[in-house]
Amino acid sequence: MTDPAKTEVEEPEPGGRPAGGRDRQPAHRGLTTAEVAERVARGEVNDVPARSSRSTADIIRGNVFTRFNAIIGVLFVIILIVGPIQDGLFGFVIIANTGIGILQELRAKQTLDSLALIGEVRPIVRRDGVAAALPTSEVVLGDVLELGPGDKVIVDGEALEADGLEIDESLLTGEADPVLKKPGDPVLSGSFVVAGSGAFTATKVGRAAYAAQLAEEASRFTLVHSELRTGISRILKYVTWMMVPTALGLILSHLLTLGLPVDAAVRRMVAGIVPMIPEGLVLLTSVAFAIGVVRLGRRQCLVQELPAIEGLARVDVVCLDKTGTLTEGGMDLSEVRPLGGQDPDRVRRVLGAFGASDPRPNASLQAVADACPAPDSWECTGTLPFSSARKYSGAAFVEPGGERSDWLLGAPDVLLPADDGLLPEIDRLNAQGLRVLLLARATRQLDHPDIAHEVRPVALVVLEQRLRPDAPETLRYFADQGVQAKVISGDNAVAVGAVAGKLGLPGADSPVDARHLPQDDPAALARAVEEGSVFGRVTPQQKRDMVGVLQARGHHVAMTGDGVNDVLALKDADIGVAMGSGSEATRAVAQIVLLNNSFATLPSVVAEGRRVIGNITRVATLFLTKTVYSVLLAILVACCQIPYPYLPRHLTLLSTLTIGVPAFFLALAPNKERARPHFVRRVMRYAIPSGLITGLAAFTTYLLARVHYSGPDALSAQTSAATLTLFLTALYVLAIIARPYTWWRIGLVLLMGLGFLIVLVTPWLQKFFDLRLVGTTMPWTAVAVAAVAAVLLEVTWRWVGRRFPT
């Protein structure tokens, strides 16, 4: 359907079919140019917006109007009122963070939209008697659209022509069986063609179409689950609950018990609340996903749902369709073997007529058509389109001498009885990785329900498949990463096993014929699917069932494919990956589309997902350590009835140097760590003890400083000493999280330490941040407390790693 070439619609012969084979459509010429213009003027166009990414307005709204931006915005306004401005630095940081998030998502949107345009569905529309591929948005009410195998129905309509047209509406209605359509039958948007061809006229377009009226696009009932986003949302919910009582406790303690002025009490309350908010964590997650989209976009990989990057990184089983994934889409006719003394020339004429009979040939029939030219004066009187469920196609002809004949072309092990003497030879050819079809003459007419029974074998058609040169390396990558690869194909099991064996897939020497799988026993089916690596003769419904039983056993399953027979499995898999050259239906249900048709792109997607997951886990530990020590400090000062030790400017400086700047670099760094589940648990097992140790160390120094310093300016000196301990301890947490060390990670930690040192020794910065170390006893005491805290952190991290492994 994506071929932009224009074709004239042929006039019918007296018999009701056009001359020739491929384009035997009745002449519904479609709308005229003037009629199209009238409908456009009336607004009767297919104006459903593209869903490749969020709109610009949604991106801005999603980054600006957040729960924590609202909280921080209110606190920022309060500080602007009570002053001074340096205590409101956190507000400017949030503005900068929000701007960065918007710019990165807009950049990702631009990449997504440009890639979506490349892979856009372009239906074949007839106008003025000419068929041409048009953008979906240019379809108007009353247009005549052509359909072929794998095409997705983009608008509602009524069938005009049907040549064995079978449409799968399971994504809309849940009905598993394809529906045979006849002229006059309704055609629903969101469904797709599994067999045959035809044409329909558009009766509802745009938002009036059936699929557009669903809450979500019909081909995509659910979005990819993101454990990162779910976990972060849960953490933010807990933080929100803690903030309100903490804020009340701080403000009441400072106003009523300590008797501080209102402006001073408000500043200390804001200082206690702001660091509880892991404001940059949501930003960095969005930025990491957005940059991942841009990086993959450069590899011609369209990520239709951002969390799909994360989802593929968590996959432990990848199910591969052979054709179009491990092999290239095209095939070559290797040999035609006449059987039983059949005339080779006549066999080739039959094959040529067969190839010309299908307006939308699949790869096998296309190879036959390319090698066997269509004979003259053969009239095709009927066709039986290929179906993945049947495993064969059929055609009926009137030959030049007036003889009528019915023919089938398909899987030998389906068309022949199980004890047929030809099957051992066919198995030998399959074992070489060749694809073998049987040309047989039917003893019944095409419309007979048992046409495949008692056929007369005429010839073996041997096809050679083109292996993808990058497939072996990709399969080795998955094996090295602990990801099981399973080939699930509709082809002969022996042939599939031979292809998989050439590519080095473990278990390829024991292929399984899916017709012998225990369909009525889910547990037995699950065991068979888990144990096997190569499966042949798998029907579309079986592919779906196999994905389902693997998921039921706790596996995260990815499914790759390009054909219409893969759609159901692609939709049900945790992650669906479609080839860009595949059918429109597969591209519509997949979360990831490989526009360059390269299976070798998948390791890049996995690596990008692992980078996002591993790095966000790192930086989340940083952010939540700050949340824990902020809550602890607020509780301790409220219980001890003493002033909060910090001003907002102090914690803004510390957050920037120990979290904000380093987290940005750590979030975007390379990371090949294998993705693991339980994000919240893995983060909190380190963040809680780290936050407790850091908070207790800072509070210890603060108490010692309160004893050491006295007088009217004592609070400033006490705060400076406590700030030094807090910075050094938080910097050590950063140093632990930055492991394993590389030159730039070590440089990053040292640069943050240098930044704090510059603040301490620069007079105007001392004044700006109200930081001035007094004497030598207390500053060195602060360093000593931080050193003890560092030892405790090191011991605790190692103990937690052993006691609570992931």
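All residue numbers here refer to positions counted from 1 along the written sequence of the relevant chain. pLDDT decides what is reported in this predicted model: residues at 70 or higher carry local features, side-chain atom pairs at 80 or more are listed and counted, and totals for whole chains, interfaces and linings draw on all residues regardless. Note that the side-chain values use all heavy atoms of the structure and ignore hydrogens as well as water.

Here we look at the overall build of the chain
In step 1: Numbering of helices and strands starts at the N terminus; helices are DSSP runs of H or I of at least 4 residues and strands are runs of E of at least 2. Along the backbone of the chain there are 26 helices and 22 strands.
In step 2: In terms of overall dimensions, the chain has C-alpha extents of about 120 × 65 × 40 Å along its principal axes.
In step 3: Partly exposed describes any residue whose relative accessible area lies between the buried limit of under 20% and the exposed limit of over 50%, with all areas from a 1.4 Å probe on protein chains only and scaled to the type maximum. Out of the 806 residues in the chain, the part that is buried amounts to 57%.
In step 4: Pairs at least 24 apart in sequence give 72% of the contacts found in the chain among residues at least 6 apart.
In step 5: For the area figures, the Shrake-Rupley method with a 1.4 Å probe applies, and any residue is considered shielded solely by the protein chains shown. By element, 59% of the accessible surface of the chain is carried by carbon and sulfur atoms, the whole surface being about 32,700 Å².
In step 6: Separation between the mean location of the 77 positive side-chain charges and that of the 81 negative ones in the chain comes to 12 Å. The contact criterion used is simple: two residues touch if any of their non-hydrogen atoms lie within 4.5 Å. Charged residues are defined narrowly, with Lys and Arg counted positive, Asp and Glu counted negative, and His plus the chain ends left uncounted. Here the site of a charge means atom NZ of a Lys, CZ of an Arg, CG of an Asp or CD of a Glu.

Looking at the sheet that holds strand E17 (residues 484–488)
In step 1: Pairing in this open sheet of 8 strands is mixed, and the strands run E9-E22-E21-E20-E10-E17-E19-E18 from one edge to the other. Edge positions in the sheet fall to strand E9 (301–303) and strand E18 (512–513), since each has one partner strand and no second.
In step 2: For two strands to pair, DSSP has to find at least two bridges joining them. With 2 bridges joining them, E17 and strand E19 (residues 534–536) adopt parallel strand pairing. The partner of Val 487 across the bridge, within E19, is Val 534.
In step 3: On the sheet, helix H15 (residues 493–502) packs against E17, E18 and E19 and is oriented at approximately 145° with respect to E19.
In step 4: Across the sheet, helix H17 (residues 540–552) is in contact with strand E10 (317–320), E17, E19 and strand E20 (557–561); its angle to E20 comes to roughly 160°. Convention adopted: a line fitted to C-alpha atoms gives each axis, helices being fitted over their contacting stretch, and angles between N-to-C directions are expressed from 0 to 180 degrees.

Things to note about the state of the cysteines
In step 1: In this description, a disulfide is simply a cysteine sulfur pair whose atoms lie within 2.5 Å. Inspection of the entire model under this criterion finds 0 disulfides.
In step 2: Here Cys 639 stays free of any disulfide, with the sulfur of Cys 640 as its closest cysteine sulfur at 6.6 Å.
In step 3: Owing to a relative accessible area of 61%, Cys 639 belongs among the exposed residues under this scheme.

Points about H15
In step 1: In terms of burial, H15 is a largely internal element, 7 of the 10 residues being buried.
In step 2: For the purposes of these results, a polar contact is taken to be a pair of N or O atoms within 3.5 Å, where, inside protein, one atom must be able to donate a hydrogen and its partner to accept one; residues adjacent in sequence count only when each atom of the pair is a side-chain atom. Of the residues flanking the start of H15, the one acting as N-cap is Asn 492, its side-chain oxygen 2.9 Å from the backbone nitrogen of Val 494.
In step 3: Downstream of H15 by one or two residues, Gly 504 has phi in the positive range, about 80°.

Points about the pattern of salt bridges
Oppositely charged side chains are able to pair whenever their charged atoms sit close together.
In step 1: Salt bridges, as used here, are contacts in which a Lys or Arg side-chain nitrogen is within 4 Å of a carboxyl oxygen on Asp or Glu. All told, the structure shown has 26 salt bridges when counted by the stated rule.
In step 2: Where Glu 166 meets Arg 390, a salt bridge forms, and the shortest distance between an N and an O atom there is 3.1 Å. Of the two residues, Glu 166 sits in strand E5 (residues 156–168) while Arg 390 sits in the loop between strand E12 (379–384) and strand E13 (392–398), which places them 224 residues apart along the sequence.
In step 3: Its salt-bridge partner being Arg 428, residue Glu 425 comes within 2.7 Å of it at the nearest N-O pair. With Glu 425 and Arg 428 both in helix H13 (residues 423–431), this residue pair falls 3 residues apart, about one helical turn.
In step 4: A residue is classified by how much of its surface remains accessible, and Glu 425, at 27% relative accessible area, is partly exposed.

A look at the nonpolar core
In step 1: One finds Ile 616, Val 619, Tyr 644, Phe 679 and Phe 756 to be the most contacted residues of the largest nonpolar core, which totals 93 residues.
In step 2: Discounting chain neighbours no more than four positions away, the residues touching Ile 616 are Leu 228, Ile 232, Leu 284, Thr 285, Ala 288 and Phe 679.
In step 3: As used in this record, nonpolar core signifies buried Ala, Val, Leu, Ile, Met, Phe, Trp, Tyr and Cys residues forming a set joined through side-chain atoms within 4.5 Å. Core analysis: the second largest hydrophobic core is formed by 37 residues, Cys 301, Ala 471, Val 499 and Val 606 among them.

Side note on the environment of Ala 738
In step 1: Note that Ala 738 resides in the loop between helix H23 (714–737) and helix H24 (743–761).
In step 2: Note on Ala 738: relative accessible area 2%, which makes it buried.
In step 3: Sequence spacing of Ala 738 and Gly 101 is 637 residues, and the spatial spacing of their C-alpha atoms is 23 Å.

Notes on the confidence of the model for the chain
In step 1: Summary of the metric used: pLDDT quantifies the predictor's per-residue confidence within the range 0 to 100. Residues of the chain with pLDDT of at least 70 account for 91%, and the chain-wide mean is 82.
In step 2: Confidence scores differ between elements of the chain, with strand E1 (residues 7–8) showing the lowest mean pLDDT of 45 and H24 the highest of 94.
In step 3: With pLDDT under 50 throughout, residues 1–26 is counted as low confidence; its partners more than four residues away or in other chains account for 70 contacts.
In step 4: Scored below 50 in pLDDT, residues 214–223 makes 21 contacts in the model with residues more than four places away or belonging to other chains.

Brief notes about unusual backbone geometry
In step 1: The step from Arg 739 to Pro 740 runs through a cis peptide bond, and the omega angle for that step is -5°.
In step 2: Here Pro 740 lies in the loop between H23 and H24.
In step 3: Unusually for a residue other than glycine, Gln 300 sits at a positive phi of about 60°.
In step 4: Among the secondary structure elements, Gln 300 is positioned in the loop between helix H8 (279–297) and E9.
In step 5: By relative accessible area, which is 29% here, Gln 300 ends up partly exposed.

Some remarks on the side chain of Lys 391
In step 1: The topology assignment puts Lys 391 in the loop between E12 and E13.
In step 2: Although Lys 391 is buried, it makes no salt bridge; Asp 491 carries the closest opposite charge, 6.7 Å away.
In step 3: Here Gly 490 takes part through its backbone oxygen, which lies 3.4 Å from a polar atom of the side chain of Lys 391.
In step 4: Excluding residues that lie within four positions of it along the chain, Lys 391 makes contacts with Phe 386, Gly 410, Ala 411, Val 414, Gly 490, Arg 537, Val 538 and Thr 539.

Focus: the packing of aromatic side chains
In step 1: Centre distance within 6.5 Å is the pairing criterion for rings of Phe, Tyr and Trp, where only the six-membered ring of Trp is used; planes under 30 degrees apart are then read as stacked, over 60 as edge-to-face, and the remainder as tilted. The final tally for this structure, using the stated rule, is 10 aromatic pairs.
In step 2: Judged by centre distance (6.1 Å) and plane angle (75°), the ring pair of Tyr 644 and Tyr 646 falls under edge-to-face.
In step 3: Its relative accessible area of 0% is what places Tyr 646 among the buried residues.
In step 4: These aromatic residues form a ring-pair network of at least three members: Phe 354, Trp 378 and Phe 397.

Some details on the packing of H8 against helix H21 (residues 648–667)
In step 1: Running from N to C, H8 and H21 point in directions that differ by 25°, and their axes come no closer than 10 Å. Judged on the interaxial angle alone, H21 and H8 are roughly parallel. For H8 against H21, the interelement crossing comes out right-handed. On H21, the residues touching Leu 284, Val 287 and Ala 288 of H8 are Ala 663, Phe 664 and Ala 667. Should an angle fall under 35 degrees it is called roughly parallel, over 145 degrees roughly antiparallel, and 65 to 115 degrees roughly perpendicular, with every other angle called oblique. Should the near helix be turned anticlockwise from the far one by less than a right angle, the crossing is left-handed, and should it be turned clockwise, the crossing is right-handed.

Thoughts on the environment of Asn 430
In step 1: By secondary structure assignment, the location of Asn 430 is in helix H13.
In step 2: C-alpha of Asn 430 to C-alpha of Val 557: the two residues are 127 residues apart in sequence and 28 Å apart in space.

Notes on the side chain of Thr 383
In step 1: Inspection of the secondary structure assignment puts Thr 383 in strand E12.
In step 2: Classification of Thr 383 as buried rests on a relative accessible area of 18%.
In step 3: At 2.7 Å, the side chain of Thr 383 forms a polar contact with the side chain of Asp 163.

A look at the pairing of E17
In step 1: Most of E17 sits inside the fold, with 4 of its 5 residues counted as buried.
In step 2: Pairing between E10 and E17: 4 bridges, direction parallel. Within E17, the residue paired with Leu 320 across the bridge is Val 487.

Focus on a nonpolar patch on the surface
In step 1: Taken together, the side chains of Val 244, Leu 248, Leu 252, Leu 255, Leu 256 and Val 262 present a nonpolar region at the surface, about 580 Å² in accessible area.
In step 2: When residues of the nonpolar patch are assigned to their parent elements, the largest contribution, 5 residues, is made by helix H6 (residues 227–257).
In step 3: Along the chain, Val 262 turns up in helix H7 (residues 262–273).
In step 4: Residue Val 262 is classed as exposed on the basis of its relative accessible area of 56%. Only residues whose relative accessible area exceeds 30% and that form no salt bridge enter a patch; like-charged residues are grouped when within 9 Å of one another, and nonpolar side chains (Val, Leu, Ile, Met, Phe, Trp, Tyr) when within 5 Å.

Digging into the packing of H6 against H7
In step 1: Packing of H6 against H7 brings their axes to within 9 Å, and their N-to-C directions diverge by 150°. With respect to each other, H6 and H7 are oriented roughly antiparallel. The chirality of how H6 crosses H7 is right-handed. Here H6 contributes Met 243, Thr 246, Ala 247, Leu 250, Ile 251, His 254 and Leu 255 to the contact with H7, which in turn contributes Val 262, Ala 265, Val 266, Arg 268, Met 269, Gly 272 and Ile 273.
In step 2: Residue polarity follows a fixed list, in which Ala, Val, Leu, Ile, Met, Phe, Trp, Tyr, Cys and Pro are nonpolar, Asp, Glu, Lys and Arg are charged, and the others, Gly among them, are polar. Grouping the constituent residues of the contact of H6 with H7 by class yields 10 nonpolar, 3 polar and 1 charged.

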